[in-house]
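One-letter residues, chain by chain:
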Amino acid sequence: MIIILLGPPGAGKGTQAKRIEASRGLVQLSTGDMLRAAVANETEVGNKAKEFMDAGKLVSDDVVIGIIEDRIAQQDCEKGFLLDGFPRTVAQAEALDEMLAKKGLKVDAVIEMKVDDEALIDRIAGRYTCAECNAGYHDTNLKPRVAGVCDSCGSTNFIRRADDNRETVVSRLETYHAQTAPLLPYYREKGVLKTIDGMADIDDVTAQINQVLDAL
Ligand code: AMP
């Protein structure tokens, strides 16, 4: 099964992708996570991507298409995967369709997580992750069960993303509306777009996604 989670930054794509990965065995492929790892490791791709990411702009299509093409060729993707943060432009969506067609595959569903822009800034400004296992948390919406201790792995080491600040968020939202929102009509025309309410609470959003997946 090949699923795309689509929505603006802060819609909850990463949180939901991790839940679905755990419950359904679909591998989560997050280009944002892959690029952040490249930046941290100071690879050639990472060094090129950093300035775009810090400015809330998109990294070039060629770079992210190459990253995804290499990743989906790996064995753990054979049973299906869940894309989180890719595609983000129509050119990326077309490239994805092409690479899947070569393998006799296609996108099964694109789940649009619909949210209000105003809510996103607070969601993003409050979020942080476990530095060890990458589990996501939020200052008010999703605190660890024991303050300062990761629920998943027990680590006490947490990090905030460099681009999760109010100034960069505005630019990331503009980028979403200008470059990524055109994917909605692209996938609607293909009959694979499913829209869910991303403003509901986290468990309810998971339930809505599961309903879509169960109906496939
Ligand atoms: P994310 O973690 O998905 O919010 O991505 C963080 C940043 O990585 C974005 O603001 C972009 O700069 C870059 N990025 C992630 N995925 C893509 C993509 N598919 N195309 C272009 N840039 C991307």
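Everything in this summary refers to the structure shown in the same document. (Residues numbered from 1 in each chain as written. Predicted model: local features only at pLDDT ≥ 70, side-chain atom pairs only at ≥ 80, totals over all residues. Heavy atoms only, no water.)

**Some details on the overall build of the protein chain**
Broken down by element type, the protein chain carries 9 helices and 8 strands. Against the 2.2 N^0.38 benchmark of 17 Å for 216 residues, the protein chain shows a C-alpha radius of gyration of 17 Å, consistent with a compact globule. Overall, the C-alpha framework of the protein chain stretches about 45 × 40 × 35 Å when taken along its three principal axes. A burial count over the protein chain gives 44% of its 216 residues as buried. (Helix = DSSP H or I, 4+ residues; strand = E, 2+ residues; numbered from the N terminus. Rg over C-alpha atoms; globule rule 2.2 N^0.38 Å. Buried < 20%, exposed > 50% of the residue type's maximum accessible area, 1.4 Å probe, protein only.)

**Comments concerning the sheet that holds strand β2 (residues 27-30)**
The parallel open sheet is built from 5 strands, whose spatial order is β2-β3-β1-β4-β8. Strands at the two margins of the open sheet, each flanked by one partner only, are β2 and β8 (193-197). Averaged over all neighbouring strand pairs, the angle between strand axes comes to 25 degrees, with direction disregarded. In this sheet, strand β3 (residues 81-84) lies alongside strand β1 (residues 2-6) in parallel orientation, the contact comprising 4 bridges. The residue of β3 that forms the bridge with isoleucine 2 is phenylalanine 81. With respect to the sheet, helix α9 (residues 202-214) is in contact with β1, β4 (109-114) and β8, its orientation differing from that of β8 by roughly 155 degrees. (Pairing = 2+ DSSP bridges. Axes fitted to C-alpha atoms, helices over the stretch in contact; angles between N-to-C directions. Contact = heavy atoms within 4.5 Å.)

**Notes on the nonpolar core**
One finds Leu29, Phe81, Leu83, Leu96, Val110 and Tyr187 to be the most contacted residues of the largest nonpolar core, which totals 33 residues. Only β1, β2, α3 (44-54), α4 (61-72), β3, α5 (90-102) and α8 (183-189) provide two or more residues apiece to this core. If we skip the residues at most four places from it in the chain, tyrosine 187 touches Ile4, Pro87, Ala93, Leu96, Val110, Val192 and Leu193. In terms of nonpolar packing, the next biggest core, distinct from the first, is built from 21 residues, Leu5, Ala11, Ala17 and Val205 among them. (Core = buried A, V, L, I, M, F, W, Y, C linked by side-chain atoms within 4.5 Å.)

**Quick word on the sheet that holds strand β7 (residues 158-159)**
Strand order across the open sheet formed by 3 strands is β6-β5-β7, with antiparallel pairing between neighbours. On the outer flanks of this sheet lie β6 (136-138) and β7, each paired with one strand and no other. Pairing of strand β5 (residues 127-130) with β7 involves 2 bridges; the strand directions are antiparallel. The residue bridging cysteine 130 from the neighbouring strand is phenylalanine 158, located in β7.

**Digging into the packing of aromatic side chains**
For the structure shown, the criterion picks out 4 aromatic pairs. Seen in terms of ring centroids, tyrosine 186 and tyrosine 187 are 5.0 Å apart; in terms of plane orientation they differ by 85 degrees. Their pairing is edge-to-face. Accessibility assignment for this pair places tyrosine 186 and tyrosine 187 in one class, buried. By the ring-pair criterion, three or more aromatic residues cluster together here, those being Tyr128, Tyr137 and Phe158. (Phe/Tyr/Trp six-rings, centres within 6.5 Å; stacked < 30°, edge-to-face > 60°.)

**Section: the site of the ligand**
Within the structure, the ligand sits among 16 residues, and Thr31, Arg36, Lys57, Gly85 and Gln92 are positioned closest to it. With respect to the ligand, the backbone of lysine 57 contributes an N or O atom lying 2.6 Å from an oxygen atom. When the ligand sits alone it has 480 Å² of accessible area, and the protein chains cover 96% of it. When residues of the shell around the ligand are assigned to their parent elements, the largest contribution, 4 residues, is made by helix α2 (residues 31-40). A class-by-class count of the residues in the shell around the ligand yields 6 nonpolar, 4 polar and 6 charged. (Near = heavy atom within 4 Å. Polar contact = N/O pair within 3.5 Å; in protein donor to acceptor, adjacent residues only side chain to side chain. Areas by Shrake-Rupley, 256 points an atom, 1.4 Å probe, with all protein chains shown as cover. Nonpolar A, V, L, I, M, F, W, Y, C, P; charged D, E, K, R; others polar.)

**Some details on the packing of α2 against α4**
Taken N-terminus to C-terminus, the directions of α2 and α4 make an angle of 105 degrees; their axes are 11 Å apart at the nearest point. As summarised for this structure, α2 and α4 are arranged roughly perpendicular, according to the angle between their axes. Judged by residue contacts, Thr31, Met34 and Leu35 of α2 engage Val64, Ile67, Ile68 and Arg71 from α4. Class assignment for the residues of the contact of α2 with α4 results in 5 nonpolar, 1 polar and 1 charged. (Parallel < 35°, antiparallel > 145°, perpendicular 65-115°, else oblique.)

**Quick word on the pattern of salt bridges**
Pairs can form between side chains of opposite charge once their charged atoms are near each other. Tallied over the entire structure, the rule returns 16 salt bridges. For the salt bridge of lysine 114 with glutamate 112, the shortest nitrogen-to-oxygen distance reads 4.0 Å. Here arginine 172 makes a salt bridge to aspartate 164, at a shortest N to O gap of 3.0 Å. Summarising the burial analysis for this pair, arginine 172 and aspartate 164 share the class buried. (Salt bridge = Lys/Arg side-chain N within 4 Å of Asp/Glu carboxyl O.)

Geometric descriptors of this kind do not, in isolation, establish any biological role.
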